[in-house]
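Descriptive structure summary
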Amino acid sequence: MIFGIASRRFLPPSFDFSCSSFVSTLLSSSASHQKVNVVNQASLCCFSSVSHASKPAGGAQGNVQEIVEFLTLNNISDNPGAKRKGRRIGRGIGCSKGKTSGRGHKGQKARAGGGVHPTFEGGQTKFYKRIPKRGFTNKNFKTDMLPLNVGKLQDFIDMGRINLPGSDDKPLDLKDLVDAGLTKCSAINDGVKLLSDGRERLRSPIRIHVSRASQGAIEAIESVGGEVTTVHYNKLALRALLKPDKFSIIPRFARPPPKLMPYYTSYKNRGYLSQEMQLKKLKLDIENITTSDDALEENNVSNDNSRDDNDKQ
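Computed from a predicted structure; not experimentally measured.

**What to know about the environment of Gly 271**
- In this fold, Gly 271 is placed in the loop between α7 (261–264) and α8 (275–312).
- Residues Gly 271 and Val 228, spaced 43 residues apart in sequence, show a C-alpha to C-alpha distance of 8.9 Å.

Set out below in structure tokens:
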């Protein structure tokens, strides 16, 4: 990279510019008043107008000298005429905008903070009121679901912040996600929806209850031996689930409204009210009851044996 020369007045009179092959080549191919920008790591230098000496007889080119100026922060400025000074108003008749400052005498537009609304049409019905209404908005009744990807769920499991529930333990719910720091209570407005982003990293069999789940997330979790159940939570149920310490008696969770009933009764969505999910729950309850009965019977047998041993003694 070639660095520019500081200035002509700092050069000795005997300085020979022809010694530099770059300068001689540049000046031989450039016309008068040519400008070249060379960028340095530290600063930007600009080649100003190049003056040529008179050519000697016979067409031979004489020595050519060059003036270089460095562009720094203290000499950068706009081009002449690029910025114009604004007109000062309210400073007398000499500025042509004195006294009323171009607002005229009195009236709505002359007052401070006053003015006519852009849609005002002199008193007649405004344009946006003359056209009919079209469409509707449903923002007051939308369900604001918090997205949760299975890849992020696997990351929290790998970090040890979420413990996988066993076959006899209850599945993960929204309370477990909040306790693990995966989200905050204030971020859950209407529930959590499980999405399939990061499914290639999923390898843990997760049993989880969420408000909603995409088909990709359901397939990803079930492919590794997990289970997804979509459960409806209204505002009261969410509060009781996330902050049970606020309730002396946990209220009974409400069933879905008629509009959401088809979603939670569909096994495709793994709804908790579908027949297949209800049958799984019933089988699990029966197995738990059978296991508890067997344990109780074994306990009774052991107690009877201990009594017989005591009687023999």
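**Some thoughts on the nonpolar core**
- Among the nonpolar cores identified, the biggest contains 34 residues, and Leu 153, Ile 162, Leu 174, Leu 194, Ile 208 and Val 228 are the most heavily contacted of them.
- Where this core is concerned, the elements lending two or more residues are α3 (150–158), α4 (174–179), β5 (192–195), β6 (207–210), α5 (215–223) and α6 (235–242).
- When neighbours within four sequence positions are excluded, Ile 208 is seen to be in contact with Leu 153, Pro 171, Leu 172, Leu 194, Ile 221, Glu 227, Val 228 and Thr 229.

**Digging into the side chain of Thr 230**
- Looking at the secondary structure, you find Thr 230 in strand β8 (residues 227–230).
- Among the polar contacts listed, one links the side chain of Thr 230 to the backbone oxygen of Asn 269, at a separation of 3.1 Å.
- Setting aside its immediate chain neighbours within four residues, Thr 230 contacts Val 210, Ser 211, Arg 212, Ala 213, Tyr 263, Tyr 264, Asn 269, Arg 270, Gly 271 and Tyr 272.

**Some thoughts on the pattern of salt bridges**
- By the definition in use, this model includes eight salt bridges.
- A salt bridge links Arg 130 to Glu 121; the nearest nitrogen and oxygen atoms lie 3.0 Å apart.
- On the basis of relative accessible area, Arg 130 is assigned to the partly exposed category, the value being 46%.
- Connected through shared salt-bridge partners, Lys 170, Asp 173 and Asp 176 make up one network.

**Focus on the sheet that holds strand β7 (residues 212–213)**
- One open sheet holds the three strands; their spatial order is β4-β5-β7, and the pairing between them is parallel. Each edge of the sheet is formed by a strand with only one pairing partner; in this case those strands are β4 (146–149) and β7.
- This element, α3, spans β4 and β5 of the sheet and lies at about 65° to β4.

**Some words on unusual backbone geometry**
- Of note in the backbone geometry, Lys 99 takes a positive phi value of approximately 55° without being a glycine.
- Its location among the elements puts Lys 99 in the loop between β3 (64–71) and α2 (127–130).
- Take Lys 99: its relative accessible area is 72%, and that puts it in the exposed class.
- In this structure, Lys 106 takes a positive phi of about 55° despite not being glycine.
- Mapped onto the elements of the fold, Lys 106 is located in the loop between β3 and α2.

**What to know about the pairing of β5**
- Of the two faces of β5, the one lined by Val 192 and Leu 194 is fully buried and the one lined by Lys 193 and Leu 195 carries no buried residue.
- Where β4 meets β5, four bridges bridge the pair, whose relative direction is parallel. Looking at β5, one finds that Asn 149 is bridged to Leu 195.
- Taken together, the two bridges between β5 and β7 define a ladder with parallel strand orientation. Bridge pairing links Lys 193 to Arg 212 in β7.

About the thresholds
Residues numbered from 1 in each chain as written. Predicted model: local features only at pLDDT ≥ 70, side-chain atom pairs only at ≥ 80, totals over all residues. Heavy atoms only, no water. Helix = DSSP H or I, 4+ residues; strand = E, 2+ residues; numbered from the N terminus. Core = buried A, V, L, I, M, F, W, Y, C linked by side-chain atoms within 4.5 Å. Buried < 20%, exposed > 50% of the residue type's maximum accessible area, 1.4 Å probe, protein only. Contact = heavy atoms within 4.5 Å. Polar contact = N/O pair within 3.5 Å; in protein donor to acceptor, adjacent residues only side chain to side chain. Salt bridge = Lys/Arg side-chain N within 4 Å of Asp/Glu carboxyl O. Pairing = 2+ DSSP bridges. Axes fitted to C-alpha atoms, helices over the stretch in contact; angles between N-to-C directions.

Honestly, it's all geometry; don't read function into it.
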